[in-house]
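What follows is each chain in one-letter form.
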Amino acid sequence: MTFNTYLAPVGTGDLTGMTAAELAEKIHSREISSTEVTRAHLDRIAEVDGQLHAFLHVAEDRALAAAEAVDKALDAGEKPASALAGVPLALKDVFTTTDMPTTCGSKMLEGYLSPYDATVTKRIRQAGIPILGKTNMDEFAMGSSTENSAYGPTKNPWDTTRTAGGSGGGSSAAIASGEAPIGIGTDTGGSIRQPAALTATVGVKPTYGTVSRYGLVACASSLDQGGPTARTVLDTALLHQVIAGHDSYDATSVDKPVPDVVAAAKKGADGNLKGVRVGVVKQFDRDGYQKGVLDNFHAAVKQLTDQGAEVVEVDCPHFDDALAAYYLILPCEVSSNLARFDGMRYGLRDGDDGHHSAEEVMAISRAKGFGPEVKRRIILGTYALSVGYYDAYYLQAQRVRTLIAQDFAAAYETCDVLVSPTTPTTAFKLGEKVDDPLAMYNFDLCTLPLNLAGVCGMSLPAGLAEDTNLPVGLQIMAPAFADDRLYSVGAAFEAGRG
Ligand code: GLN
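Residues numbered from 1 in each chain as written. Predicted model: local features only at pLDDT ≥ 70, side-chain atom pairs only at ≥ 80, totals over all residues. Heavy atoms only, no water.

Asker: Explain unusual backbone geometry to me, please; I cannot follow it from the model alone.
Answerer: The phi torsion of most residues other than glycine is negative, and most of the peptide bonds are trans. Here the amide bond leading from Gly166 into Ser167 is cis, since omega sits at 5°, within 30 degrees of zero. Its place among the elements puts Ser167 in the loop between strand S5 (159-163) and helix H6 (169-176). Even without glycine at this site, Thr146 takes up a positive phi of about 60°. (Helix = DSSP H or I, 4+ residues; strand = E, 2+ residues; numbered from the N terminus.)

Asker: So what exactly am I meant to see when it comes to the site of the ligand here?
Answerer: Near the ligand lie 15 residues; those nearest to it are Ala141, Thr188, Gly189, Ser191 and Tyr326. Between an oxygen atom of the ligand and a side-chain N or O atom of Tyr327, the distance comes to 3.3 Å. Within the side chain of Asp444, an N or O atom sits 2.9 Å from a nitrogen atom of the ligand. About the coverage of the ligand: the protein hides 99% of its 290 Å² of free accessible area. When residues in the shell around the ligand are grouped by element, the largest group, three residues, is from helix H11 (residues 322-337). In terms of residue class, the shell around the ligand is built from five nonpolar, seven polar and three charged. (Near = heavy atom within 4 Å. Polar contact = N/O pair within 3.5 Å; in protein donor to acceptor, adjacent residues only side chain to side chain. Areas by Shrake-Rupley, 256 points an atom, 1.4 Å probe, with all protein chains shown as cover. Nonpolar A, V, L, I, M, F, W, Y, C, P; charged D, E, K, R; others polar.)

Asker: Can you walk me through the environment of Asp43 in this structure?
Answerer: Structurally, Asp43 is set in helix H3 (residues 34-52). The exposure class of Asp43 is partly exposed, given its relative accessible area of 41%. When the C-alpha atoms of Asp43 and Val94 are compared, they prove to be 24 Å apart, with 51 residues separating the residues in sequence. (Buried < 20%, exposed > 50% of the residue type's maximum accessible area, 1.4 Å probe, protein only.)

Asker: How should the packing of helix H9 (residues 261-268) against helix H17 (residues 483-497) be read in this particular structure?
Answerer: Two packed helices can be described by the angle between their axes and the distance between those axes. Here H9 crosses H17 at 25°, and the two axes come no closer than 7 Å. Viewed along their axes, H9 and H17 adopt a mutual orientation that is roughly parallel. The handedness of the crossing between H9 and H17 comes out as right-handed. Across the interface between the two elements, Val261, Ala264, Ala265 and Gly268 from H9 touch Asp483, Asp484, Tyr487, Ser488, Ala491 and Ala492 from H17. Each residue belonging to the contact of H9 with H17 can be placed in one class, and the counts come to six nonpolar, two polar and two charged. (Axes fitted to C-alpha atoms, helices over the stretch in contact; angles between N-to-C directions. Parallel < 35°, antiparallel > 145°, perpendicular 65-115°, else oblique. Left-handed = near helix turned anticlockwise from the far one by under 90°. Contact = heavy atoms within 4.5 Å.)

Right, here's the structure in full:
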């Protein structure tokens, strides 16, 4: 594997090192074909995925067929179906697809074929984007390292002894290594932003309700949000534009126009941050974080100031309680959502040998199909929701959630965006935290408040930490429905880094 310098250890071939915007331009002008581009990425997958394990399923024939269809249409003089038509993509294995399995990284759904496409899948196909395959993830999106995948972990392309993050480590590793130029993740507590930070890529959690959850296998429904990831802010914006927008199939989908994130990314590229008020969240800039991460963060804040931003410190006192609230609310929702995997309706069934009752078959199937972290959260959630504990745990956590949302609202009275490091340390070693759930949970510290409040955020590369020589992510946060601010400020920061 070739490790280029920062921004990312991309592929050896030119095509796998290009941005999606560049590829799209060349494909649409017929300088190159989508088939060539898709083939190059499939070759890159064949070359490196044995080491990385970013993909659970590679759909070579279907990806090439989709690419050929795009080429044919363009050759016939049709207009490209979208700004990204012909550019191939890596899809997290939590979105349903009718033509390849959807496993959610779980034995419970091994080989499961959905009868319908998720709305996000459908929009990707309609946009003429070939799907290279489905990417690895922590089981049902629970985890911070992809080590909870029943199919084995994804490795970080920057250092294959380390995690690429989670739960969407597969998509991020694929993008960082040149296996794919763009990808889709889901972010329930940080699963797009956190792996992006650890792999020096860009990842966005859009405002809750702005990307359809229809066909996104639920982890925690009030927190889950699909979103784009890529190597540049503009590429991420182009994909955001494809997947966002109202969907009547999702009851929590918001019927509002999508802000023009592409225009925002283009505007931000001038690097000018004059008049932008940036708040540094005091709670996420403190001792206990890795020194190299804090040094990079402080350098990033200085860069924002040099680019004209007005930087102030903001106090969000309830962010300190986000971890406790999240790890109550999430298991409660998980315990309810995952009840459907009962051996009767989906996937794995065991013990159905004529000697067991229906209840026993359910218990045997669930015991066999779910991994330890999923079981831990189902038990925790069931306990917290039970009579007598509901008020003390679940309701209390929901109150904290409101306080966190109020902290954000107060901060946005004086700031346009907030910033923090995305993670407290750079990528940790595989195996380092897997037997210590609390240490794993703690790694999510900086990303969780956004999901609890339903607001949006981006992680983008902020250089390599001096003490570990590994990528650090800068997190930019914006108010609900102001996703375009992430892109304008993000693109400006990216331009400022040169
Ligand atoms: N790491 C967090 C968790 O384990 C977030 C997961 C996610 O965003 N899907 O719940």
